[in-house]
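Coordinate analysis (summary)
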Amino acid sequence: MMVLITYDVALNSESGSTRLRHIAKICQDYGTRVQYSVFECEVDPAQWVELKAKLFREYDKEIDSLRFYMLGKNWRGKVEHHGAKPAVDLFADTLII
């Protein structure tokens, strides 16, 4: 299933910068960055549970926010891209050698 993950991390302290880097790294391990704080992650149910748990451990629920958009299995028809940074379809654009 495709999940769009967005986040907003408060940067008013050094710990904010650390949280921001950690959250980005977690998301990068499961998906593709499509904007600075937006990732497209195609995961199975077990990976989703794991990913979400890692993010919840990292963010500060008092000052940061996480948003998850569940696009499901048929997500390609629901996403439209325009402008810079061409969209990458990991399955259509992957070259296996």
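Everything quoted here is computed from the prediction, not taken from an experiment. Within each chain, residues carry numbers counting from 1 in the order of the written sequence. This being a predicted model, a pLDDT of at least 70 is required before a residue's local features are given, and a value of 80 or more before pairs of side-chain atoms are given or counted; all residues contribute to the totals for chains, interfaces and linings. With hydrogens and water set aside, each side-chain value is computed from the structure's full complement of heavy atoms.

1. Some remarks on the overall build of the chain
Secondary structure elements are defined from DSSP: runs of H or I of at least 4 residues count as helices, runs of E of at least 2 residues count as strands, and each element is numbered from the N terminus. Secondary structure summary: the chain contains two helices and four strands in total. Starting at the N terminus and ending at the C terminus, the chain contains elements arranged as β-α-β-β-α-β. The contact definition used throughout considers only heavy atoms, calling two residues in contact when any of these lie within 4.5 Å. A fraction of 62% describes how many contacts in the chain between residues 6 or more apart in sequence connect residues 24 or more apart. Total accessible area on the chain is roughly 6,900 Å²; 55% of this is exposed by carbon and sulfur atoms. The protein chains shown are the only cover counted for residues, whose accessible areas, like all others here, come from Shrake-Rupley with a 1.4 Å probe.

2. Observations regarding the packing of helix α1 (residues 14-30) against helix α2 (residues 45-58)
At a closest axis distance of 10 Å, the pairing of α1 and α2 adopts a crossing angle of 175°. Comparing their axes, α2 and α1 come out roughly antiparallel. For the pair formed by α1 and α2, the contact residues are Arg-19, His-22, Ile-23, Ile-26, Cys-27 and Tyr-30 on the first element and Gln-47, Glu-50, Leu-51, Lys-54, Leu-55 and Glu-58 on the second. For the contact of α1 with α2, the class distribution of residues is six nonpolar, two polar and four charged. What counts as an axis is a line fitted to C-alpha atoms, over the stretch in contact for a helix, and the angles between N-to-C directions run from 0 to 180 degrees. For classification, angles of less than 35 degrees are called roughly parallel, those exceeding 145 degrees roughly antiparallel, those between 65 and 115 degrees roughly perpendicular, and all remaining angles oblique. Just so you know the grouping, Ala, Val, Leu, Ile, Met, Phe, Trp, Tyr, Cys and Pro go in nonpolar, Asp, Glu, Lys and Arg go in charged, and all remaining residues, Gly too, go in polar.

3. Describing the pattern of salt bridges
A side-chain nitrogen of Lys or Arg and a carboxyl oxygen of Asp or Glu constitute a salt bridge if their distance falls within 4 Å. A full pass over the atoms with the stated rule returns two salt bridges. Of the charged contacts, one joins Lys-25 and Asp-29 as a salt bridge, the two residues approaching to 2.6 Å between their closest N and O atoms. Pair noted here: Lys-25 and Asp-29 are both in helix α1, with a separation of four residues, about one helical turn.

4. Here's the deal with the side chain of Thr-6
Here Thr-6 shows up in strand β1 (residues 2-8). The contact partners of Thr-6, leaving out residues within four places of it in the chain, are Ser-37, Val-38, Ser-65, Leu-66, Arg-67 and Tyr-69.

5. Comments concerning α2
One full turn of an α-helix is made of 3.6 residues, so residues set three or four places apart face in the same direction. Here a helix's expected span is defined as the number of its residues, less one, multiplied by 1.5 Å. The end-to-end C-alpha distance of α2 is 20 Å, a good match for the 20 Å that 14 residues give at a rise of 1.5 Å each. Along α2, the residues that are buried comprise Trp-48, Leu-51 and Leu-55. Projected down its long axis, α2 carries its buried residues within an arc of 70°, all on one side. Those residues of α2 that are exposed and aimed more than 90 degrees away from the buried face are Ala-46, Val-49 and Arg-57. At its buried positions, α2 is contacted by β1, α1, β3 (38-42) and β4 (65-72). The backbone nitrogen of Ala-46 lies 3.1 Å from a side-chain oxygen of the residue at the head of α2, namely Asp-44. Using a 1.4 Å probe on the protein chains alone, a residue whose accessible area is under 20% of its type maximum counts as buried, one over 50% counts as exposed, and one in between counts as partly exposed. It is the directions from the helix axis to the C-beta atoms whose arc is reported. N or O atoms within 3.5 Å of each other form a polar contact, as long as, within protein, one can give a hydrogen and the other can take it, and as long as residues adjacent in sequence are counted only when both atoms are side-chain atoms.

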